[in-house]
Amino acid sequence: MPIRKDKRERYVEVEVSGPREPLWVRCEACGELIFKRKLQENQYVCPRCGAYFFLSARERIASLVDPGSFRELPLPAVPEDPLGFADQMPYRERLARSRQETGLNEAAVVGEARIADHPVTLAVLDFRFIGGSMGVAVGEALYAAQAHAARARMPFVFVVSSGGARVQEGVLALLQMVKVVAGRELLAQNGVPYIAVLTYPSTGGVLASLGSLADVTLAEEGALIGFAGPRVIEQTTGERLPPGFQTARFALEHGLVDQVVPRAKLREELAKVLEVLAEEP
Amino acid sequence: MTDEERLKVLEEKAAELRRLAEQDGLDLHEELAVLERKIAELRKQLYLDLSAWARVQLARRPDRPSGLPFVQALCEAFYELRGDRVVGDDPALRGGLARLGGKRLVLLFHHRGATPEEQRASRFGMASAQGYWKAKRLMEVAARLRFPLLTLINTPGAYPGVQAEAHNVAGAIAACIWTMLRHPAPTVAVILGEGGSGGAVALAAADRVLMLENATYSVISPEGAASILWKDAKVAPKAAEALKLTAHDLHELGVIDEVIPEPIGGAHTDFSATVDGVRRAVLRHLEELSRLSLDELLRARYNRYRHVGAQGPGA
């Protein structure tokens, strides 16, 4: 399982040797060799130094919902590669590779689940799939999830792990920002609550649309939250970034989120929120 | 040799012929006529078949009609409203009450500035969080008054800065999109120059989206795409082509409603013709939209964005 490394060395890479899953992985933040099973038990947080690894969408779902409660929603088919885009690699090939690497059809997984027995509609982005970026398919998935939540009158939970809009789909990707906000409007019209969970990373067009419009916004400890990536800001403005810039803490201090939650407590925290939101019997 | 360069060479040759004819009294008017016809053809060709990259350059020209002078020429009256009421006022994204073709509306526009001081202050039209919070406030003014909303877009993108992040520029853009989507009156967006990413879409969730012929609308700058996807900033012209960011491309993709023609040579060659073209198009669309009931208007707008990109082969 290739896991990409954060520029700021807070995230770590899992060593892959040969075709078999490795037993041991190395935390590049602290150098510790970790038994893979132990890391899984610790929800991909380094047991020694606390560095956060990426969670795949499936792992994220497993970590949040009541065991066995997730039922995936079928997603509408969309035109693939609407621009006929090719950079160093044709976009179709990039999609095929991402599918093979992740076992997912696209960067979003959506479904129904229970969290501490509260029914929810859940949408989770997978950063391994072209950076969790939002193109037409992801826009459709997030719209469909919200429409489902609105219809079924279940709270909508959205776990963000995305670099932003998918460049390979051009303006069509940009306009998915409007589409997912149209979905947001459906929730509002039906009085259905929306809880966002911002993780690493929550940036660009996903943050500048649905990601910022929740009723309750939680930030996972170790999240990166910002419109523009740190490198873009440094390059464009020449500004020196203050320590802790765009971290979950920074977001909390600047009033952008309601709470910062360690990964191990996220499920519990969501349960608390859902408990308060649950309709009276 | 690029077409631009070829055109320049031909123009120089024509000037030389004219000089020769004058100095030496030679009868060169046939040769001159041929040359001038060639020049006219090339000019037309050049501006009809401009490459995406050439249009990016036109869209970015500092003398491109846009900003406050454009608004003042466009409207019978404009009264500027300032400030986001929380942090400050952003000179890169401005707006106010306006009267256009007799209609009352609220107008929002990017202002890149004409002088170096203005350009510095407005960061070349890159609005920060205050700009987008102000835009949201003005959209709410328009909603309360049931005024149509007109936005004139010309920005490289929202400003990427430490203060912008601290003041939640992402949240401000999201709030603009949501507010505009719900607007209880007609909305028209016109991309005059650069329609840069989130900073543009924040003002573009409209009933009608129009573009000047050489304007661009893109998820990322060609330079940004080149350096991220090709790892080579020099392939920006290729990236511009691949991104399908021109008005004609986007009209073909069905994401914009109309391409407003520009004077041959580009909008900067004729300010008032450009303003007139935009005014006519905007008034026509406002007129069409005014015939819809509020319910029809919102349903059509909502359906447009709910389905964007999902139709076509494979769907």
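Residues numbered from 1 in each chain as written. Chains lettered and ligands numbered in written order. Predicted model: local features only at pLDDT ≥ 70, side-chain atom pairs only at ≥ 80, totals over all residues.

## Quick word on the packing of helix α6 (residues 129-145) of chain B against helix α8 (residues 169-181) of chain B
All names here are of chain B. Rule in force here: As a rule, the C-alpha atoms of each element are fitted with a line to give its axis, helices using only the stretch in contact, and angles between N-to-C directions run from 0 to 180 degrees. To qualify as a helix, a DSSP run of H or I must reach at least 4 residues; to qualify as a strand, a run of E must reach at least 2; elements of each kind are numbered from the N terminus. Should an angle fall under 35 degrees it is called roughly parallel, over 145 degrees roughly antiparallel, and 65 to 115 degrees roughly perpendicular, with every other angle called oblique. Working rule for handedness: look at the near helix, and if it is turned counterclockwise from the far one by less than a right angle, call the crossing left-handed; if clockwise, right-handed. Residues are treated as contacting if the C-beta atoms built from their backbones sit within 7 Å of each other.
Packing of α6 against α8 brings their axes to within 8 Å, and their N-to-C directions diverge by 20 degrees. Taken together, the axes of α6 and α8 are roughly parallel relative to one another. When the axes of α6 and α8 are compared, the crossing they make is left-handed. Residues A129, Y132, W133, A135, K136, M139 and E140 of α6 pack against V169, A172, I173, A175, C176, T179 and M180 of α8.

## Observations regarding α6(B)
All names here are of chain B. Operational definition: Expected helix span is given by 1.5 Å per residue-to-residue step, counting one fewer step than there are residues. Between the buried cut of 20 or more and the exposed cut of 12 or fewer other C-beta atoms within 10 Å of a residue's own C-beta lies the partly exposed class, and all C-beta atoms are placed from the backbone.
Relative to the 24 Å expected for 17 residues at 1.5 Å per residue, α6 spans 25 Å between its end C-alpha atoms, a close match to the ideal helical length. Of all the positions in α6, only A129, Q130, G131, Y132, W133, K134, A135, K136, L138, M139 and A142 are classed as buried. Buried-residue contacts for α6 involve β1 (77-81), β2 (93-100), β3 (103-110), β4 (149-155), α7 (162-166) and α8. Backbone geometry just after α6 places R146 at a positive phi near 60 degrees.

## As for the domain arrangement of chain A
All names here are of chain A. This is how it is decided: Boundaries of every domain are those given by an automatic assignment or by a domain database. Amino acid classes used here: Ala, Val, Leu, Ile, Met, Phe, Trp, Tyr, Cys and Pro are nonpolar; Asp, Glu, Lys and Arg are charged; the rest, including Gly, are polar.
As far as domains go, chain A holds domain 1 (1-53) and domain 2 (55-277). Look at where the C-alpha atoms of domain 1 and domain 2 centre, and you get two points 23 Å apart. With five residues of domain 1 at the contact, the number on the domain 2 side is six residues. Grouping the constituent residues of the side of domain 1 that touches domain 2 by class yields three nonpolar, one polar and one charged.

## Re the pairing of strand β6 (residues 156-162) of chain A
All names here are of chain A. The condition is simple: Strands qualify as paired when DSSP identifies two bridges or more between them. Here is how to tell: hold the view so the strands point away, follow the path from the first strand over the helix to the second, and if it runs clockwise the crossover is right-handed.
Taking burial as the measure, the seven residues of β6 include seven buried ones, the bulk of the element. Of the two faces of β6, the one lined by F156, F158, V160 and S162 and the one lined by V157, V159 and S161 are each fully buried. In the sheet, strand β5 (residues 118-125) pairs with β6 via four bridges, with the strands oriented parallel. Looking across to β6, one finds that L122 is bridged to V157. Taken together, β5, helix α4 (residues 136-152) and β6 constitute a β-α-β crossover, and its handedness is right-handed. In this structure, β6 lies alongside strand β7 (residues 194-203), joined through six bridges in parallel fashion. Paired with S162 across the strands is S202, a residue of β7.

## Some points on the environment of A:R48
Residue and element names in this part refer to chain A. Along the polypeptide, R48 turns up in the loop between α1 (36-41) and α2 (57-64). For R48, a count of 13 C-beta atoms within 10 Å puts it in the partly exposed group. In the structure, R48 is positioned 14 residues away from I34 in sequence and 8.8 Å away in space, judged by C-alpha atoms. Excluding its chain neighbours within four sequence positions, the residues that come into contact with R48 are C27, C30 and E32.

## Structural notes on the nonpolar core
For the record, the criterion: Linking buried Ala, Val, Leu, Ile, Met, Phe, Trp, Tyr and Cys residues through C-beta atoms within 7 Å yields a set, and such a set is a nonpolar core.
Counting residues in each nonpolar core, the largest one holds 187 residues, and the members touching the most others are A:V178, A:V181, B:Y132, B:I173, B:C176 and B:I177. Sorting elements by how many residues they give to this core places α8(B) first, with eleven residues. Non-local contacts of B:Y132, meaning those with residues more than four positions away in its chain, are made with B:L93, B:A127, B:A158, B:V169, B:A172, B:I173, B:C176 and B:A202.

## Details of the interface of chain A and chain B
The partner chain B presents 46 residues to the 51 residues of chain A that form the contact. Contributing elements (two or more residues each) for the side of chain A that touches chain B: α4, α5 (170-174), α6 (176-189), α7 (204-207) and α8 (230-237) of chain A. For the side of chain A that touches chain B, a count of residues per class yields 32 nonpolar, twelve polar and seven charged.

## Re the packing of α4(A) against α6(A)
Residue and element names in this part refer to chain A. Packing of α4 against α6 brings their axes to within 8 Å, and their N-to-C directions diverge by 5 degrees. Considering the angle they form, α4 stands roughly parallel to α6. Mapping the contact onto sequence places V136, V138, G139, L142, Y143, Q146, A147, A149 and A150 in α4 and Q176, K179, V180, A182, G183, R184, L186 and L187 in α6. Of the residues contributing to the contact of α4 with α6, the split by class is eleven nonpolar, four polar and two charged.

## Considering the domain arrangement of chain B
Its domain assignment divides chain B into domain 1 (3-49) and domain 2 (62-306). The C-alpha-based centres of domain 1 of chain B and domain 2 of chain B are spaced at 39 Å.

## Details of helix α14 (residues 294-306) of chain B
All names here are of chain B. Defined as follows: For this quantity, the arc is that covered by the directions from the helix axis to the C-beta atoms.
The end-to-end C-alpha distance of α14, which contains 13 residues, comes to 18 Å, matching closely the 18 Å that a straight helix rising 1.5 Å per residue would cover. Taken together, the buried positions of α14 are occupied by R301, R304 and Y305. Summarising the axial view, the buried residues of α14 lie within an arc of 90 degrees, below the 170-degree limit, and thus occupy one face. Residues of α14 that are exposed and point more than 90 degrees away from the buried face comprise D295, E296, R299 and N303.

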